[in-house]
Amino acid sequence: MGGWRDMSAEVLEDQYSPSRWSPRLDRDTIIDAHLAVTAAGTERARASARTTLHVPYGSGDGEKLDIYFPKDPSGTFPVLVYIHGGYWQCLSKDESGFAAPPLVSQGVMVVALGYDTAPRGHVDSMVLQVRRSLAFLVEQYPGIRGIYLCGHSAGAHLAAMVLSTDWTEFRVVPDIKGVVLVSGVYDLEPLLHTYVNDALNMSWEVAQRNSPMRQVALAVPAACEVLVAMAQHDSPEFRRQSQEYSQALRAAGWSVSLLDLAGVDHFDVIEKLSEDSYILTQGQGGTVIASSQHSSQVRITAAIGRWYLSNHYPRSAWQCQVCCYLLTHLS
Ligand SMILES: N[C@@H](CC(=O)c1ccccc1NC=O)C(=O)O
């Protein structure tokens, strides 16, 4: 098969419709199910953690974030900022707190970030909002030691755009220690030819300057680790994007790992962040990792066994909370 440029409009649309690739649920029910699961998970998180909701980080309507405070804050604490997906046009922070429980119990502050989705917002403004929110958090919460970003789908795109930020335009430089990109899109150009762009209305230039894939060469590799994760049942185009972006980052000098998660689709790959036992949330015991039965080109070559909080809580289960394994492509 050639590249996406050789695909018919119909095939391309299919590739960029995550709901059509799940073996678990059909396309008409999977989005509603995702909403229900993440909303219920967020409700549980709000019931069990101390929270401050709807904190404005700017004057815009959508510029608000929800904070889930760590259980036993000991002066300083790391923060995980979760950036929701929804193709830059749906979902919100209000059902994006589901990842908090396993983290707040380990002393991590979790932030569910809101941003103005299309059509109110456009891609340029969403990228700016995410960057500004990080500067806000650093200024507002001096207890924060180390920022970790986690984004899903379109949120992974926004998190990846943070990597190419020129922080001299901001008052502070956030200390970003790790970025977990789950089932993201890193080259926006194919989307110009799909329904996704109906609401986004991106021009070719907008798609280019907002494609992390095109920004890799411009960004100075930071001392932060990047984990690019993709689901077994993501579409071939989504999987290609994760593979190519992780390779480009590595070639540019970033410390990056690619994680291929078995048995999950575009939606449960992130829903499971609410579970203590999920590979992306579990501790050191979790060596089952992506056992790659389904993907013969991927081989686990080394367990890095070090992620997120190793600097902060050397003996906590958090040490390997996002188990970071080096997966190398043999093909
Ligand atoms: N219309 C899309 C919806 C979608 O892509 C989506 C829905 C919820 C959360 C994330 C999504 N994808 C990327 O942000 C689909 O066909 O799946």
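If you're wondering where the values come from, they're calculated on a predicted model, not measured in any experiment. (Residues numbered from 1 in each chain as written. Predicted model: local features only at pLDDT ≥ 70, side-chain atom pairs only at ≥ 80, totals over all residues. Heavy atoms only, no water.)

### Notes on the overall build of the protein
Argument step 1. Counting its regular elements, the protein contains ten helices and ten strands.
Argument step 2. The buried share of the protein, taken over its 331 residues, is 57%.
Argument step 3. Here the protein displays about 13300 Å² of accessible surface, and carbon together with sulfur accounts for 51% of that area. (Helix = DSSP H or I, 4+ residues; strand = E, 2+ residues; numbered from the N terminus. Buried < 20%, exposed > 50% of the residue type's maximum accessible area, 1.4 Å probe, protein only. Areas by Shrake-Rupley, 256 points an atom, 1.4 Å probe, with all protein chains shown as cover.)

### Here's the deal with the site of the ligand
Argument step 1. Near the ligand lie 13 residues; those nearest to it are Ser19, Gly86, Tyr87, Ser153 and Ala154.
Argument step 2. Here an oxygen atom of the ligand sits 2.7 Å away from a polar atom, N or O, in the main chain of tyrosine 87.
Argument step 3. Note that a nitrogen atom of the ligand is positioned 3.1 Å from one of the side-chain N or O atoms of tyrosine 195.
Argument step 4. For the ligand, whose unbound accessible area comes to 400 Å², protein coverage reaches 90%. (Near = heavy atom within 4 Å. Polar contact = N/O pair within 3.5 Å; in protein donor to acceptor, adjacent residues only side chain to side chain.)

### So, the nonpolar core
Argument step 1. Judged by nonpolar contacts, the single largest core of 68 residues is most densely connected at Leu65, Val81, Trp88, Leu181, Leu191 and Val226.
Argument step 2. For this core, the element with the most residues is helix H4 (residues 123-140), which contributes eight residues.
Argument step 3. Membership of the second largest hydrophobic core comes to 29 residues, among which are Val110, Leu259, Val269 and Leu280. (Core = buried A, V, L, I, M, F, W, Y, C linked by side-chain atoms within 4.5 Å.)

### A closer look at unusual backbone geometry
Argument step 1. Residue proline 119 is reached from alanine 118 by a cis peptide bond, and omega for that bond is 5 degrees.
Argument step 2. On the secondary structure map, proline 119 appears in the loop between strand E4 (109-113) and H4.
Argument step 3. Its identity is not glycine, yet histidine 54 carries a phi of approximately 60 degrees, on the positive side.
Argument step 4. Structurally, the position occupied by histidine 54 is in strand E1 (residues 51-56).

### Here's the deal with the packing of aromatic side chains
Argument step 1. Scanning the model with the defined rule gives six aromatic pairs in all.
Argument step 2. Pairing tyrosine 16 with phenylalanine 238 gives two aromatic rings, centres 5.6 Å apart and planes at 45 degrees, and the pair type is tilted. Here the residue tyrosine 16 occupies a position in the loop between helix H1 (9-15) and helix H2 (30-48), and phenylalanine 238 occupies one in helix H9 (residues 236-251), the gap between them amounting to 222 residues. Side by side, tyrosine 16 and phenylalanine 238 carry an identical accessibility label, which is buried.
Argument step 3. Ring geometry for tyrosine 87 against tyrosine 195: centres 6.3 Å apart, planes inclined by 70 degrees, an arrangement best described as edge-to-face. On the criterion of sequence distance, the pair formed by tyrosine 87 in the loop between strand E3 (77-83) and helix H3 (100-104) and tyrosine 195 in the loop between strand E6 (176-182) and helix H6 (196-200) is long-range, its members being 108 residues apart.
Argument step 4. Put simply, the rings of Tyr87, Trp88 and Tyr195 pair up and form one aromatic cluster.
Argument step 5. It is arginine 50 that lies over the ring of phenylalanine 69; its NZ or CZ is 4.2 Å from the centre. (Phe/Tyr/Trp six-rings, centres within 6.5 Å; stacked < 30°, edge-to-face > 60°. Lys NZ or Arg CZ within 6 Å of the ring centre and 35° of its normal.)

### Observations regarding the pattern of salt bridges
Argument step 1. Evaluation of the coordinates by the stated rule reveals 18 salt bridges.
Argument step 2. If you follow the salt bridges from partner to partner, you end up with Arg46, Asp66, Lys93 and Asp94 in one network. (Salt bridge = Lys/Arg side-chain N within 4 Å of Asp/Glu carboxyl O.)

### A closer look at the environment of glycine 143
Argument step 1. Within the secondary structure, glycine 143 sits in the loop between H4 and strand E5 (144-152).
Argument step 2. Classification of glycine 143 by relative accessible area gives buried; the value is 14%.
Argument step 3. Along the backbone, glycine 143 and alanine 100 are 43 residues apart, and their C-alpha atoms lie at a distance of 18 Å.
Argument step 4. Residue contacts for glycine 143: discarding those within four places in its chain leaves Gly75, Thr76 and Phe77. (Contact = heavy atoms within 4.5 Å.)

### Here we look at the environment of valine 138
Argument step 1. Relative to the assigned elements, valine 138 resides in helix H4.
Argument step 2. Overall, the relative accessible area of 26% leaves valine 138 in the partly exposed class.
Argument step 3. Residues valine 138 and phenylalanine 170, 32 residues apart in the sequence, show an inter-C-alpha distance of 11 Å.
Argument step 4. Leaving out residues up to four positions away in the same chain, valine 138 has contacts with Ile147, Val172 and Pro174.

### Remarks on the UniProt feature "active site" (unreviewed entry) in the protein
Argument step 1. Residues given the UniProt feature "active site" (unreviewed entry) here are Ser153, Asp234 and His266. Considering the C-alpha atoms alone, the annotated residues occupy 114 residues of sequence yet fold into one spot, their largest mutual distance being 10.4 Å.
Argument step 2. Residue contacts for serine 153: discarding those within four places in its chain leaves Gly85, Val182, Ser183, Gly184, Val185, Phe238 and His266.
Argument step 3. Turning to its location among the elements, histidine 266 is positioned in the loop between strand E8 (255-261) and helix H10 (268-271).
Argument step 4. Histidine 266 gets classed as buried once you look at its relative accessible area, which sits at 2%. (UniProt positions renumbered as here; feature names shortened; annotations may be inferred.)

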